[in-house]
Amino acid sequence: MKRKYLIGVFFACVLAFSTIVVLNTWTQSKLSGDEIRFDFDLDGELSVEEQRLMFRVTRLEAQRGNKFSEGEIRQMRTGERDRSRGRGGFGGGRRGSRAPSGPRLNPEQVAFRDGAATIPDRETFEKLSYQGTEVRIDTQLTGIEFVKFQIENTHTENPQLYFMNTETHRSHGSFMDAAGLGRGQGQMRGVLSYRPLFMAPNGEPGVYTFEFNPNDAFPFEEIKLAHDLLVSKMPILKNRLGYCPLWGAIGIYEREKARYDAAEFPVYFEDDLYANVGYLPLNQAASFGLLRVLAMDERPTPRDIVICPTLPNEMPRVAGVITGVRQTPLSHVNLRAIQDKVPNAFITKAWENASIAPLIGKYVYYAVNADGFEIREATLKEVETHFSELRPSKTQKPKRDLSVTEILPLDDIRFSDASRFGVKTANVATLRTFGFPEGTVPDGFGIPFYFYDAFMQHNGFYAKVEVLLDDPAFQRDYDARVAALKTLRTDIEKGEMPDWMLDALATLHDAFPEGTSLRCRSSTNNEDLPGFSGAGLYDSYTHHPNEGHLSKSIKQVFASLWNFRAFEARDFYRIDHLSAAMGVLVHPNFGSELANGVAVSNDVVYQTIGNYYLNTQVGEDLVTNPEAQSIPEEILLDWWDSNDYRVVTKSNRTTDGGRILSDAYLRQLNSYLGIIHYRFNQLYGSIGQTKEFAMEIEFKITSDGRLSIKQARPWGQ
């Protein structure tokens, strides 16, 4: 035990030191005009504290759409924002005993701009609600759609419920002034929140919760009174409403737990809600297609909307996806759904759902929204119109620059070299310029597109491709297309390389220590692009020492450009197949890793504001291509404070049920993600790609406990 403890302390110290090194190294670069705002000591560089503040403030500015003033930034610097769950207090409620400014109004007398006495339907709730970042001290409500309410005269036989227009009045105090309400006995100030992803007591997606000031501790009778009033004045809450006790009410709840257990309404703690997700919109979009249940050995067409018991990793382009079990949100399949702009959602027991089951085998319209899905029968004409409008009208030719004719070390490749080496290679090379500790980003080489083009010409493969593209059977028959592409890949893998290319690859191989297994990774000119990730379309291979010349694995990567799924994706988007090019990123292979994961610099799943989204799994069970029934660790990590995180789902592959990412790793990821988002946002902004910007990274915990970042791509835009 002592030895394990000392090892843990050692790695924690290493990770903490690494974060400081990264930030200090980054300061050596010249400050831009925007960065100067954070140079408070005017020394011409940013300290660790100044950099962290800059990363966080610029994220918030991007969310709100304008910049903070110098005074506001200085205030953020001097005061720590309270981000702990359950703190705050419904903003502006404590005003002493000041008398109201106008006459007291009954609920029915309140103007709609201030509030309402009843909420007859969902549309009225939306008009009264607020959702966003301007929540004052109620930070637990950030990003949640909510309506605040006030109950008066709870100590009498005629209690009164006021729904606040929360768009107008963010605080109870402001509403009380407008309604002429003073402070006195028998008052309850609360908030009614809508949580569309979670399962309601009636078994349908979408649950409402009500809660009170974190300091309040009302007895069961008053909580039941509030519940009954809310349901009577907002009928759609029936069998959809639960009570959420905050920290001040936990003690009295535990003393009266038996009464709550027997009540007709459930009690939710925040962790319970995340565990009870019944609907998860992985990609919000709409589409038309043929609804079918997809068996494991079936191949769907681009016009199919498929219902999958689990999510297959080898799925080609489809019109929409529904799974009856929770998906791995950062899988390649979901990334392709985002890229292809097709709807994708988890709907619990979808094949039994009353809205879905009768439509199986029919053409349907299917839409995934933040608060629910829509599905209905569609006509063949609607389907045909949808697909004719969806595909680009003209052939697209991805840029491929063949001017670089030599294999280059990553440290000689720049962000602007993507058209010569592929975005994957260029982005990994760019990561190496951010000052991360040695070993964080792989060191290796980039093989340019020139090599692929020369190889294809040397063997006459372009001519073979042209014959295939003109073949009527290849054009109209899926099975014929699959077989022909398989033959083409076999020919490429057996193709001859010119001597100069063999010599160049041998020199590359010799640059690594003898006995090193090399990872040869696909890097094309039509993947990892803003708006087209191409995630999972192409294949990478590990070249082991006993496999002979490196050309064997390089040719396998070249051949993967002609995978069926990759061909179908390019064909749908009318990408010129003969303009597509394959580069290769080569670096030492990771072996026996402790964990692998994917992180995004925004919460792209639950849409909370101010969080990074992390998926991690033990060993080599890839998050991007998970094994059957694999459930990764799912964490929301606060932008501002790495100590503030939520474990939404635990991995089902740990031996002890514990957490994969320790606090030390979360601190390191928090720091690295801030840097990666900021720096790539600048780089992609320079080429006009910043809309709803976020970065996705793939990372590993190596066998010796180091955090390594193996890839960075812009999240689907």
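Draft legend 1. How the structure looks around the nonpolar core. Counting residues in hydrophobic clusters, the biggest one holds 55 residues, and the most contacted among them are Leu431, Phe436, Leu614, Leu661, Ile676, Phe680 and Ile697. It is helix α21 (residues 663-685) that provides the largest number of residues to this core, a total of 10 residues. Sequence-distant contacts of Leu661, defined by excluding residues within four places in its chain, comprise Leu614, Thr616, Glu633, Leu666, Leu669, Phe699 and Ile701. Within the second largest apolar cluster, 46 residues are counted, among which are Leu330, Leu335, Val383 and Leu636.

Draft legend 2. Representation of unusual backbone geometry within the structure. Its identity as a non-glycine residue notwithstanding, Asn239 has a phi of 65 degrees, on the positive side. Along the polypeptide, Asn239 turns up in the loop between α6 (220-233) and β6 (241-243). When its relative accessible area of 47% is taken as the criterion, Asn239 is described as partly exposed. Despite not being glycine, Arg574 has its phi angle at roughly 50 degrees, a positive value. Assignment of secondary structure puts Arg574 in the loop between α20 (564-572) and β18 (582-588). Residue classification places Arg574 among the partly exposed residues on the basis of a relative accessible area of 31%.

Draft legend 3. Summary view of a nonpolar patch on the surface. Together, Val293, Trp351 and Ile360 make up a nonpolar patch on the protein surface, roughly 220 Å² of accessible area in all. With respect to the helices, strands and loops of the structure, Val293 is situated in strand β8 (residues 286-293).

Draft legend 4. Quick peek at the pairing of strand β3 (residues 160-164). Across the 5 residues that make up β3, a large majority, 5, are buried. Here β3 shows two buried faces, one formed by Gln160, Tyr162 and Met164 and the other by Leu161 and Phe163. Relative to β3, strand β1 (residues 115-116) runs antiparallel, the two sharing 2 bridges. Residue pairing across strands places Ala116 opposite Phe163, the latter belonging to β3.

Draft legend 5. Highlighting the packing of aromatic side chains. By the definition in use, this model includes 34 aromatic pairs. For the pair Phe434 and Phe680, a centre-to-centre distance of 5.4 Å together with 70 degrees between the ring planes defines the contact as edge-to-face. Taken together, the residues span a long stretch of sequence, with Phe434 in the loop between α13 (423-431) and β15 (445-447) and Phe680 in helix α21 at a distance of 246 residues. Residue classification places Phe434 among the buried positions, given a relative accessible area of 3%.

Draft legend 6. Inspection of helix α11 (residues 380-390) at higher detail. Val383, His386 and Phe387 are the residues of α11 that are buried. Down the axis of α11, the buried set is contained in an arc of 90 degrees. They therefore lie on one face. Among the exposed residues of α11, those pointing more than 90 degrees away from its buried face are Lys381, Ser388 and Glu389. Buried-residue contacts for α11 involve β8, β12 (363-369) and α20.

Reading the values: rules and limits
Residues numbered from 1 in each chain as written. Predicted model: local features only at pLDDT ≥ 70, side-chain atom pairs only at ≥ 80, totals over all residues. Heavy atoms only, no water. Core = buried A, V, L, I, M, F, W, Y, C linked by side-chain atoms within 4.5 Å. Buried < 20%, exposed > 50% of the residue type's maximum accessible area, 1.4 Å probe, protein only. Helix = DSSP H or I, 4+ residues; strand = E, 2+ residues; numbered from the N terminus. Contact = heavy atoms within 4.5 Å. Patch = residues over 30% accessible without salt bridge, like charges linked within 9 Å, V, L, I, M, F, W, Y side chains within 5 Å. Areas by Shrake-Rupley, 256 points an atom, 1.4 Å probe, with all protein chains shown as cover. Salt bridge = Lys/Arg side-chain N within 4 Å of Asp/Glu carboxyl O. Pairing = 2+ DSSP bridges. Phe/Tyr/Trp six-rings, centres within 6.5 Å; stacked < 30°, edge-to-face > 60°. Arc of directions from axis to C-beta.

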